[in-house]
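Observations on the three-dimensional arrangement
Chain residues, written in single-letter form:
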Amino acid sequence: MSSLMNSAISYFQSLQDRICEGLATLDGGTFREDTWQRDGGGGGRSRVLSGGTVFEKAGVNFSDVHGTLRPDFGGSLPGEGSSFRASGISLVVHPRNPYVPTVHANFRRIERGRVGWFGGGADLTPYYVFPEDAAHFHRTLKGACDAGGAATYDRFKRWCDRYFFIAHRNEPRGIGGVFFDYLGAGAESTAREPEAGRAAFEDDPEATFAFVRGVGDAFLSAYAPIVQARKEMAYGDRERRWQLHRRGRYVEFNLVYDRGTVFGLRTDGRVESILMSLPPEVTWEYNYAPPQGSPEAQSLERILSRRDWATEGA
């Protein structure tokens, strides 16, 4: 295990602590912690807040696992050999109030043989799109990404739009954010990235780690003010019905496309931790569409627009 991996593990544990503290302050509740060991090597600690006043379910998971890759999975990852080590933090927050958006973030480091890389990002999935909230979220992430160069946010924003896309529905999961992977994997990074070119910081492992820390540290600043602004808004059955319907899209993405879900299941990870991203309640109503001109239809239109929120603003 490299010294950089040791540093990353310490950072991910600290970030889990800080994010849990911030979310608990917003909600007034407490997280339950489960520590676990993985058959084959490593383990982690899962923290879940359930049935809170603000968050119906909030999960923040830290893991540090190692072992042997399945032969049918090894070809999809950079590096060589069958041994791997992976550590990171992954979180999903499902709010109670439909006017508060769901949010997801994860930050990870994986090493396989002599190759190691970082991946991660954060994205927002609102049920009702408030342009000022979307602009704040994107501008905060852009501020963190700007440390990596002027074009970094645009590159990772486009990557996020492509990644968090539900192909079988032909629609985005939400209003995006930033997403990156294979940072620091050298030539394999260039071969696997959907975007041409690489930022200068990617040639320096410590600079790459500093960039990842900057984005991770910006998460609470991007999300917490939105929660504060919306958590007391009144809502009724119509808004709840829309929330549960749109949660169905979230579930579909996570079970069909999400890399973290696939990686966890194909490396024999702890199922309860892998699937903690799923909401406690969700509906699939046949061929449901919001009435034309309704707030729900307006929000869906804003999601489908894939707008450049950081530049266009509110």
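Quick summary incoming for the structure in this document.

1. Observations regarding the packing of aromatic side chains
- Within this structure, the stated rule accounts for 20 aromatic pairs.
- With centroids separated by 6.0 Å and ring planes inclined at 25°, the aromatic side chains of Phe219 and Tyr223 adopt a geometry described as stacked. Placement of both Phe219 and Tyr223 in helix H7 (residues 219-230) is noted, with a separation of four residues, approximately one turn of the helix.
- With 6.3 Å between their ring centres and 55° between their planes, Trp242 and Tyr288 make a pair best called tilted. You can see Trp242 sitting in helix H8 (residues 237-256) and its partner Tyr288 sitting in the loop between helix H10 (271-274) and helix H11 (295-305), a full 46 residues away along the chain.
- Overall, Trp242 belongs to the buried group, its relative accessible area being 1%.
- Clustering of aromatic rings is evident, with ring pairs tying together Phe156, Trp159, Tyr163, Phe164, Phe179, Phe180, Phe201, Phe211, Phe253 and Tyr257.
- Against the face of Phe209 rests Arg213, its NZ or CZ located 4.4 Å from the ring centre.
- Lying across the ring of Phe130, Arg230 places its NZ or CZ 3.7 Å from the centre.

2. Thoughts on the packing of H8 against H11
- At a closest axis distance of 11 Å, the pairing of H8 and H11 adopts a crossing angle of 30°. Classed by the angle they form, the pair H8 and H11 counts as roughly parallel. As H8 packs across H11, the resulting crossing turns out to be right-handed. Contacts between H8 and H11 involve Arg238, Trp242 and Arg246 on the former and, on the latter, Pro295, Glu296, Leu300 and Ile303.
- Residues belonging to the contact of H8 with H11 are distributed by class as follows: four nonpolar, no polar and three charged.

Rules and cut-offs
Each residue is numbered by its place in its chain's sequence as written, counting from 1. Side-chain atom pairs in this predicted model are given and counted only at pLDDT of 80 or more, local residue features only at pLDDT of at least 70, and totals for whole chains, interfaces and linings cover all residues. The side-chain quantities take in all heavy atoms of the structure and omit both hydrogens and water. Any Phe, Tyr or Trp ring, taking Trp's six-membered ring, that has another such ring centre within 6.5 Å forms a pair; planes under 30 degrees apart are called stacked, those over 60 apart edge-to-face, and the others tilted. Strands here are runs of E lasting at least two residues and helices are runs of H or I lasting at least four, both read from the DSSP assignment and numbered beginning at the N terminus. Only protein chains enter the accessibility calculation, which uses a 1.4 Å probe; a residue whose area is less than 20% of its type maximum is buried, one above 50% is exposed, and one in between is partly exposed. Put simply, a charge is over a ring when the Lys NZ or the Arg CZ is close to the ring centre, within 6 Å, and near the line of the ring normal, within 35 degrees. What counts as an axis is a line fitted to C-alpha atoms, over the stretch in contact for a helix, and the angles between N-to-C directions run from 0 to 180 degrees. Should an angle lie under 35 degrees it is considered roughly parallel, over 145 roughly antiparallel, and from 65 to 115 roughly perpendicular; all remaining angles are considered oblique. In this scheme the handedness of a crossing depends on how the near helix is turned from the far one: anticlockwise by less than a right angle means left-handed, clockwise means right-handed. Contacts are assigned to residue pairs with any non-hydrogen atoms lying within 4.5 Å of each other. Side-chain classes follow a simple rule in which Ala, Val, Leu, Ile, Met, Phe, Trp, Tyr, Cys and Pro form the nonpolar group, Asp, Glu, Lys and Arg form the charged group, and the remainder, Gly included, forms the polar group.

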